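Notes for the structure review
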Amino acid sequence: MTGKDNVTHRGAITGAALGALGVLGFSLSLPATRVAVEHLDPWFVAFGRAVGAGLLAVAYLVAVRAPRPSPAQWRRLAVVAAGVVAGFPMFTSLALRSSTAAHGAVVIALLPAVTAGFAVLRARERPTPAFWLAGAAGLAAVLVFLGLSGTVAGAVGPADLFLLAAVALCGLGYAEGGALSRELGGARTICWALVLALPFTIAVTAAAAVHRPPHAPAAAWSGFAYLTVVSMFLGFFAWYGGLARGGVARVGQIQLAQPVLTLAWSAALLHEHVAPAALVAALAVLACVALTQRLRAPAAERPAPGAISSSGGRVPVRPGAPGGVHPAARDSARDNGLHADRFRRR
């Protein structure tokens, strides 16, 4: 069975809508992590959730009989795993031992800009100047929002350095995964990355459990369960599907809304303070997000008729490329041939 993922089917839902759904799921990640690490070892939280999600990924891949990635795709999946399976969970768990979820939203506000930068380097996208201006305005609005909410205070500490490392690795994992999802599909990209990381995540989780046996109240386990099922697994189905369909840089700007949502969750669930004056800045953030989604993507990012990826979605055309076909389309055709050969041999 080589059917395409539902989240990358061109007629199902727009890339922006999928991206928004992914951001909604991710927006609760920091509060859930904060709750979990209050009672559980941060290494156990960071890698244990990847183990749980990895087991779900194995079940999914077996159920859909997903073809194995090519050697080149495995190398790119290693980048995805390093960024979003290991790096981001590990550094946010370490940071939130001593930092609040609301404060974490300050640094996470940089993630859309970092993702857009990696989209240029890894996904070969070329956003327009107007896009960069809208994204910069959105980042400024986020920082104003965080300032009005009272979360920007004090000197930079170890927790902030952990969060910066988390943002850098996560942006890389988002960009690489979004580009790879044009070939594999959003669901299979995160699933194969989780499976690739399983030997490492199982070893670290087991060591953390031996060092500090996991005993925690129901609230901490609920946070851990959310991180496993939504933040590390289902959220990426929508998020990578949205990046693949709408462009990594463009859809990535929807993350500008994530700090707003994270602070809302922090206030509602953890009773962390958010000033009422932040509402105006929050509306400005959402306006900038809307603007980045309305700006027309450059030709190099728009799908072209007839260029079909192995996930069933269309891939971009690059003007001047041989035959007018983007290199991703040629790679996809090659991978389709490899997968077909494997099935014939079976």
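Residues numbered from 1 in each chain as written. Predicted model: local features only at pLDDT ≥ 70, side-chain atom pairs only at ≥ 80, totals over all residues. Heavy atoms only, no water.

Re the overall build of the chain
Regarding its fold elements, the chain presents 14 helices and two strands. Relative to its 346 residues, the chain shows a buried fraction of 54%. Of all intrachain contacts in the chain linking residues separated by at least 6 positions in sequence, the fraction that spans at least 24 positions is 89%. (Helix = DSSP H or I, 4+ residues; strand = E, 2+ residues; numbered from the N terminus. Buried < 20%, exposed > 50% of the residue type's maximum accessible area, 1.4 Å probe, protein only. Contact = heavy atoms within 4.5 Å.)

Details of helix α9 (residues 186-211)
Taking 1.5 Å per residue, 26 residues should reach 38 Å; α9 reaches 35 Å between its end C-alpha atoms and fits that length. A maximum bend of about 55 degrees is found in α9 at Leu 198, where proline Pro 199 lies one to four positions downstream. (Expected span 1.5 Å × (residues − 1). Bend = angle between axes of the 7 residues up to and from the residue.)

Here we look at the packing of aromatic side chains
Counted according to the given criterion, the structure contains 15 aromatic pairs. Here the aromatic rings of Phe 26 and Phe 236 are separated by 5.0 Å at their centres, their planes lie at 55 degrees, and the arrangement is tilted. Linking Phe 26 in helix α1 (residues 15-26) with Phe 236 in helix α10 (residues 218-246), this pair joins segments that are 210 residues apart in sequence. In terms of burial, Phe 26 and Phe 236 fall into one category: buried. Three or more aromatic residues link up through ring pairs in this structure, and these residues are Phe 26, Tyr 174, Phe 236, Trp 239 and Tyr 240. (Phe/Tyr/Trp six-rings, centres within 6.5 Å; stacked < 30°, edge-to-face > 60°.)

A word on a nonpolar patch on the surface
On the surface, Leu 56, Val 229 and Leu 234 cluster together to form a nonpolar patch covering roughly 220 Å² of accessible area. Residue placement: Val 229 occurs in helix α10. For Val 229, a relative accessible area of 34% gives the class partly exposed. (Patch = residues over 30% accessible without salt bridge, like charges linked within 9 Å, V, L, I, M, F, W, Y side chains within 5 Å. Areas by Shrake-Rupley, 256 points an atom, 1.4 Å probe, with all protein chains shown as cover. Salt bridge = Lys/Arg side-chain N within 4 Å of Asp/Glu carboxyl O.)

So, the side chain of Thr 189
Here Thr 189 shows up in helix α9. Here the side chain of Thr 189 touches Gly 185 through a polar contact of 2.8 Å, landing on its backbone oxygen. Not counting chain neighbours up to four residues away, the residues in contact with Thr 189 comprise Leu 77, Gly 177, Leu 180, Ser 181, Leu 184 and Tyr 240. (Polar contact = N/O pair within 3.5 Å; in protein donor to acceptor, adjacent residues only side chain to side chain.)

Digging into the packing of helix α4 (residues 71-95) against α9
Packing of α4 against α9 leaves a shortest axis separation of 8 Å and a crossing angle of 75 degrees. Relative to α9, α4 is oriented roughly perpendicular. When α4 is examined against α9, the residues Trp 74, Leu 77, Ala 78, Val 80, Ala 81, Val 84, Val 85 and Ala 86 are found in contact with a partner set consisting of Thr 189, Ile 190, Trp 192, Ala 193, Leu 194, Leu 196, Ala 197, Phe 200 and Thr 201. Per-class residue counts for the contact of α4 with α9 are 15 nonpolar, two polar and no charged. (Axes fitted to C-alpha atoms, helices over the stretch in contact; angles between N-to-C directions. Parallel < 35°, antiparallel > 145°, perpendicular 65-115°, else oblique. Nonpolar A, V, L, I, M, F, W, Y, C, P; charged D, E, K, R; others polar.)

Details of the pattern of salt bridges
Across all of its chains, the model carries two salt bridges by this definition. Arg 76 is paired through a salt bridge with Glu 176; the nearest N and O atoms lie 2.9 Å apart. In this pair, Arg 76 sits in helix α4 while Glu 176 sits in helix α8 (residues 158-184), placing the two residues 100 residues apart along the sequence. A salt bridge links Glu 183 to Arg 76; the nearest nitrogen and oxygen atoms lie 2.9 Å apart. Of the two residues, Glu 183 is situated in helix α8 and Arg 76 in helix α4; the sequence distance between them amounts to 107 residues.

It is worth stressing that arrangement in space is one thing and function is another; only the former is reported here.
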